[in-house]
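Structural description and commentary
The chain contents come next:
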Number of protein chains: 2
Amino acid sequence: MTKQKGPLVIVGGAEDKKNEMTILREFVRLSGGTHSKIVVMTVATKLPIEVGAEYVDVFEQIGVADVRTFDVSSREDANRASACKAIEEATGVFFTGGDQLRITTLLGGTSMDAALQTGLEQGLVLAGTSAGASMMSSTMIVEGVAETNPRMGIVNMAPGMEFLDGVVIDQHFAQRGRLGRLLSAVAQYPHHLGLGIDEDTAIIVRGTTFEVIGRGAVSVVDAGALLYSNLQELRHNDALALGGVQLHVLPAGYRFSLRERALLTGQDSRSGNV
Amino acid sequence: MTKQKGPLVIVGGAEDKKNEMTILREFVRLSGGTHSKIVVMTVATKLPIEVGAEYVDVFEQIGVADVRTFDVSSREDANRASACKAIEEATGVFFTGGDQLRITTLLGGTSMDAALQTGLEQGLVLAGTSAGASMMSSTMIVEGVAETNPRMGIVNMAPGMEFLDGVVIDQHFAQRGRLGRLLSAVAQYPHHLGLGIDEDTAIIVRGTTFEVIGRGAVSVVDAGALLYSNLQELRHNDALALGGVQLHVLPAGYRFSLRERALLTGQDSRSGNV
């Protein structure tokens, strides 16, 4: 599926930054604990100073001495030698929320993009929340209508950064009523598993397996099992009919095989890789 | 499954009362058109005069000459001879929204309840919206937490009026992010199919088959297909893990067999009974 070696930490947005901080602490632990070197990537947001400062504060609170922000507001920024150097020296990189199209258009194909891919192959821990979660896949949701039944054209898709193949990721999932838009996305691309990640919830991906951490759950929507759809006959805004979608709901501690498209239970469900 | 002969019209709330009025017109058509005799049951609401008057206006607009409201604010009301008479003379009965527990506690076991069951066996058209939809089943959702992942105890269930067996009905489904609470309900009662009905959307049930009408869709959540759940180990508010739930999404014109637990496609999908 992917050549990534370093774990991915994909967060459904609104992760706790004040109390237990389960998700951000786990990201730090994976990155090397207090000795980790964290880069906070603020490329997705138009408020890089405010958003960056908040994460620097939090990571310092957790005990990381070496934490810095790196902002990219033009493709030139992402092609500078300093950009690659920042990634090469980091043990963990964290993408904040904002607009996922800013990430793909400002970072895509730059030398910083290449450095991230290389870093990942060498064990770099790569994390992203909200927009920073959506961009992780090869096909991403750019925007869509919430709190509706699945309809043709209610979700705009675009190529993502390809850190993780075979999935489409949606965030703020239960909190913003996004089942309809995720179903609309995977009905069109049934090869892709839909991952609906709740707020303050994350998946840790290692190879083709992920484990859930945090307060909510991850809903896996598998349209590969579709027995029926009316997709061929539809025009813009027409309602989708879907028969036989598989749905799995995984809270913290549960693991899922992206290759087997199945929840892992029993002995293999809570430890190590498959 | 059920002995009902008259069709049930089960509405997900907020049905259009100003423009096309697709659902309310279909209810009137099934009840006999302009010659139908409609009773609006306001038992669920604490504002029976306002709510009743609104529906009387709408049904008169549609062309029904014989429309009246019947309110039940005590069990005595529902045991009066006039209560049975109202039902016996009606060709269509419409339950408004409000609180589904008012329906079951004020109406349950009264002679009006019996008259409704008898009427249904004889072809009476029975409709309900929102609370009036929830009460239709043998087990109903009383209240629950929305916009959350499925958790133990987030949904309160109670016996319904048993007009339709084998299902649990939720309304305002996509609009209020109720996937989590419907999953919580059916995970505990996997024999029951979960029907999540969107706003301005309805099912017309005949025997063990239903057809969808209206603007949104009906999501059928089938936990009978569950491959895994952690239900046995859970305490209050713990998160559910569910593997292998089946999900079907049906917009207007699509039909579903409650007995086969499957979407009906092809020739049998849009006409007559199965």
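This one's a predicted model, so the numbers in the text were calculated from it and none came from an experiment. (Residues numbered from 1 in each chain as written. Chains lettered and ligands numbered in written order. Predicted model: local features only at pLDDT ≥ 70, side-chain atom pairs only at ≥ 80, totals over all residues. Heavy atoms only, no water.)

Bringing the UniProt feature "active site" (unreviewed entry) in chain A into the picture now. Residue and element names in this part refer to chain A. UniProt's entry tags Ser130, His172 and Glu199 with the feature "active site" (unreviewed entry), counted in the numbering of this structure. These annotated residues cover 70 residues of sequence, but their C-alpha atoms sit close together, with the largest distance between any two at 8.7 Å. If near-sequence neighbours (up to four positions away) are discounted, histidine 172 is found in contact with Gly12, Gly13, Ala14, Ser130, Arg178, Ile197 and Glu199. Within the structure, histidine 172 has its side chain in polar contact with the side chain of serine 130 (distance 3.0 Å). Relative to the elements of secondary structure, glutamate 199 occurs in the loop between β9 (193-197) and β10 (201-206). Given a relative accessible area of 16%, glutamate 199 falls into the buried group. Residues in contact with glutamate 199, not counting those within four places in the same chain, are Gly12, Gly13, Ala14, His172, Gln175, Arg176, Arg215 and Gly216. A polar atom in the side chain of glutamate 199 sits 2.7 Å from the side chain of histidine 172. (UniProt positions renumbered as here; feature names shortened; annotations may be inferred. Contact = heavy atoms within 4.5 Å. Polar contact = N/O pair within 3.5 Å; in protein donor to acceptor, adjacent residues only side chain to side chain. Helix = DSSP H or I, 4+ residues; strand = E, 2+ residues; numbered from the N terminus. Buried < 20%, exposed > 50% of the residue type's maximum accessible area, 1.4 Å probe, protein only.)

Every contact between the two is made by 32 residues of chain A and, on the other side, 32 residues of chain B. Summed over both sides, the interface between chain A and chain B buries roughly 2,600 Å², with carbon and sulfur atoms accounting for 59% of that surface. On the chain A side of the contact with chain B, Glu147, Leu247 and Val249 of chain A bury the most area, a combined 21% of that side's loss. Applying the counting rule to chain A against chain B returns 0 salt bridges. Here chain A is connected to chain B by 12 residue pairs in polar contact (both at pLDDT 80 or more). Elements with a minimum of two residues in the side of chain A that touches chain B: α8 (179-188) and β14 (242-251) of chain A. By residue number, the principal contributor to the side of chain A that touches chain B is β14 of chain A, which donates 9 residues. Note that β14 of chain A and strand β14 (residues 242-251) of chain B share 5 bridges and pair antiparallel. Across the sheet, residue leucine 247 of chain A finds its bridge partner in β14 of chain B, namely valine 245 of chain B. (Buried area = accessible area lost by both parts, 1.4 Å probe. Salt bridge = Lys/Arg side-chain N within 4 Å of Asp/Glu carboxyl O. Pairing = 2+ DSSP bridges.)

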